[in-house]
Amino acid sequence: MQQLTCFDLFQLTFTMSSDEDFSLVMDDQKPSKDSLQQIKASITNYKKRHEQLIQEQQELAASRDDQRDMTQKCKQRSDKLIQDLEEYQRSYEAQIEKEKSRVISMKQEESGLMKEIQRIEEALKKEEAKNDHLQQQADVFTAVPERPVVFRGSSGSKADTFEMKPRVVYPMEGGTALIRFDEKIVADNILDIQKHRVALGSDCRITVEARPVQLMLPWLVEIDSEVSPQHILISNLPKMDTDMLLSKLEIHFSKKRNGGGEVDKCELLPDSEHVVITFVEKDIARGLTEKEHHEVELQKKKHRVRVTPFLNGKITNLETKMAVCPRTVLLTGIPDVMEQEFLQDMLEIHFQKRDNGGGEIEGFLYNPLDQHTSALFEGVSTAREE
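Read on for a plain summary of the structure.

Okay, the packing of aromatic side chains next. Taken as a whole and assessed by the stated rule, the structure comprises 2 aromatic pairs. Here the aromatic rings of Tyr88 and Tyr92 are separated by 6.4 Å at their centres, their planes lie at 20 degrees, and the arrangement is stacked. Here the residue Tyr88 and the residue Tyr92 both occupy positions in helix H1 (residues 33-141), the gap between them amounting to 4 residues, near one helical turn. Residue class for Tyr88 comes out exposed when judged on its relative accessible area of 54%. Seen from their ring centres, Tyr170 and Phe377 are 5.7 Å apart, and the 80 degrees between their planes marks the pair as edge-to-face.

Quick look at the environment of Val208 now. As for its placement among the helices and strands, Val208 is situated in strand E6 (residues 205-235). The buried category is assigned to Val208, whose relative accessible area is 1%. When the C-alpha atoms of Val208 and Leu331 are compared, they prove to be 6.2 Å apart, with 123 residues separating the residues in sequence. Non-local contacts of Val208, meaning those with residues more than four positions away in its chain, are made with Gln194, Lys195, His196, Val198, Leu331, Thr332, Gly333, Ile334 and Phe351.

What follows covers the pattern of salt bridges. The full count for this structure, using the stated rule, is 12 salt bridges. In this structure, the salt-bridge partner of Asp84 is Lys80, at a minimum N-O distance of 3.2 Å. Placement of both Asp84 and Lys80 in helix H1 is noted, with a separation of 4 residues, approximately one turn of the helix. The partner of Arg286 in a salt bridge is Glu290, with the nearest N and O atoms 3.4 Å apart. You can see Arg286 and its partner Glu290 sitting in helix H4 (residues 284-291), 4 residues apart, about one turn around the helix. You can call Glu290 exposed: its relative accessible area is 57%.

Residues His196 and Val198 of strand E5 (residues 195-199) are buried on one face, while the alternating residues Lys195, Arg197 and Ala199, pointing to the opposite face, are not. By the bridge criterion, 5 bridges tie E5 to E6 in an arrangement that is antiparallel. Looking at E6, one finds that Val198 is bridged to Ile206. Counting the residues between successive antiparallel strands, the hairpin from E5 to E6 contains 5 residues.

In this section: the side chain of Glu209. Tracing the sequence through the fold places Glu209 in strand E6. Glu209 sits in the buried class, given a relative accessible area of 18%. Within the local environment of Glu209, its side chain forms a polar contact with the side chain of Gln194, the two groups lying 3.3 Å apart. Those residues within four positions of Glu209 in sequence are excluded, and the remaining contacts are Gln194, Lys195, Leu330, Leu331 and Thr332.

A word on unusual backbone geometry. Despite not being glycine, Asn236 shows a phi value in the positive range, around 60 degrees. Relative to the helices and strands, Asn236 is located in the loop between E6 and helix H3 (242-253). Note on Asn236: relative accessible area 43%, which makes it partly exposed. Located in the positive-phi region is Asp370, a residue other than glycine, with phi close to 65 degrees. Of note, Asp370 is situated in the loop between strand E11 (361-367) and strand E12 (373-378).

Phe181, Leu331, Ile334 and Phe351 are the most contacted members of the largest nonpolar core, which has 21 residues in total. Broken down by element, the residue count for this core peaks at 4 residues, all from helix H5 (residues 340-352). Here Ile334 is in contact with Gly175, Thr176, Ala177, Val208, Leu343, Leu347, Tyr366 and Leu369, once residues within four sequence places are set aside. Grouped together as the second largest cluster of nonpolar side chains are 19 residues, Leu237, Ile277, Val296 and Val305 included.

The next thing to look at is helix H2 (residues 184-193). Residues lying three or four places apart along an α-helix face the same way, a consequence of the helix completing one turn every 3.6 residues. Every buried residue of H2 is listed here: Val186, Ala187 and Ile190. For H2, the buried positions fall inside an angular range of 100 degrees around the axis, keeping them on one side. With respect to the buried face of H2, the exposed residues turned more than 90 degrees away are Ile185 and Asp192. Its buried side turned inward, H2 meets strand E4 (176-181), E5, E6, strand E10 (301-332) and H5.

A word on the pairing of E10. In this sheet, E10 lies alongside E4 in antiparallel orientation, the contact comprising 4 bridges. In the sheet register, Ile179 faces E10, and the bridge partner there is Val329. Note that strand E9 (residues 293-298) and E10 share 6 bridges and pair antiparallel. Within E10, the position partnered with Glu297 by the bridge is Lys302. Where E9 folds back onto E10 in an antiparallel hairpin, the turn is made up of 2 residues, including Gln299, whose phi is positive at roughly 55 degrees.

Further remarks concern H5. A rise of 1.5 Å per residue sets the reference length of H5, with its 13 residues, at 18 Å; its end C-alpha atoms lie 18 Å apart and thus fit the reference within 8%. Within the span of H5, buried status applies to Leu343, Gln344, Met346, Leu347, His350 and Phe351. Summarising the axial view, the buried residues of H5 lie within an arc of 160 degrees, below the 170-degree limit, and thus occupy one face. As for H5, its buried residues are in contact with E4, H2, E5, E6, E10 and E11.

What counts and what doesn't
- Residues numbered from 1 in each chain as written.
- Predicted model: local features only at pLDDT ≥ 70, side-chain atom pairs only at ≥ 80, totals over all residues.
- Heavy atoms only, no water.
- Phe/Tyr/Trp six-rings, centres within 6.5 Å; stacked < 30°, edge-to-face > 60°.
- Helix = DSSP H or I, 4+ residues; strand = E, 2+ residues; numbered from the N terminus.
- Buried < 20%, exposed > 50% of the residue type's maximum accessible area, 1.4 Å probe, protein only.
- Contact = heavy atoms within 4.5 Å.
- Salt bridge = Lys/Arg side-chain N within 4 Å of Asp/Glu carboxyl O.
- Pairing = 2+ DSSP bridges.
- Polar contact = N/O pair within 3.5 Å; in protein donor to acceptor, adjacent residues only side chain to side chain.
- Core = buried A, V, L, I, M, F, W, Y, C linked by side-chain atoms within 4.5 Å.
- Arc of directions from axis to C-beta.
- Expected span 1.5 Å × (residues − 1).

So, in structure tokens, the structure goes:
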């Protein structure tokens, strides 16, 4: 921009032609005083305006710089926010994975606890069933068939133990005999001699061998018993014909009005003279045993019988041992040389004589050759052991 002063002021005239873009024509005419004042005023205004523009430019530059700083700060803040957001996202995802693992662990623990609960419930059911079984057993002890008892004196300080009397069937071979002496020392003498020559006449003698009698006896027996849901035991019965008694009882306990049901079997126990009734359906017996006493028509009148539970027993453990009969001797090698009765008499006479090492005989059983005989051994009291 060309600055005009009052000393070299010219009037400028711009003219346009076809050959030039523009031309500068300077007028040699001197300006007037008023024009000069106006020009000065215009110059002053332009200076002020110029200064304002420079100031505005500086303010704009400062504002621009402020905006750049703010933009830079905003960008830095935005970058930090994005970084924080990414870190939060990673932390959130890690927390989610941790919670998922925790949920899986809790589910596994819950599954284990549920299995443990089921196991405990099953064990509890077994215990409840066992308690019910024991309660039934206890009820049986309070409802056993009545038996008469007799006072036998003081029991002493020694506690009673369960005693089981065995019954052993001993098969005898042909040409053997069993001798039971009154005293154990006599049997020991016969066994010590072992070979015995028995005189059957003036010219006839036989040689027999004495051997101990060994039996396999139960040493330990464990029995698991339970109350049968289909059987009842009837006691307090009168003396009458067995068939008639069984028929009357079966008819009475087969009727529903008497609490019974269809009867499968009715039998008498010969050792106790009690009757056992077996029903087709289960749980009938329980109702009858709970009532316990029943009025049954027997011998043309009402008779009060007692109904108690029936126990089924199963051997759970059995241990045996070999035992030697202390007063019994087995004779072997007896030939068939004469009639059975005469030969048996001659053998008894021989082993009764003290000169032959014998003594008093309590029992004698002879089994000839080619015959089959079985001897029965039963348990006796410990005072006189067999």
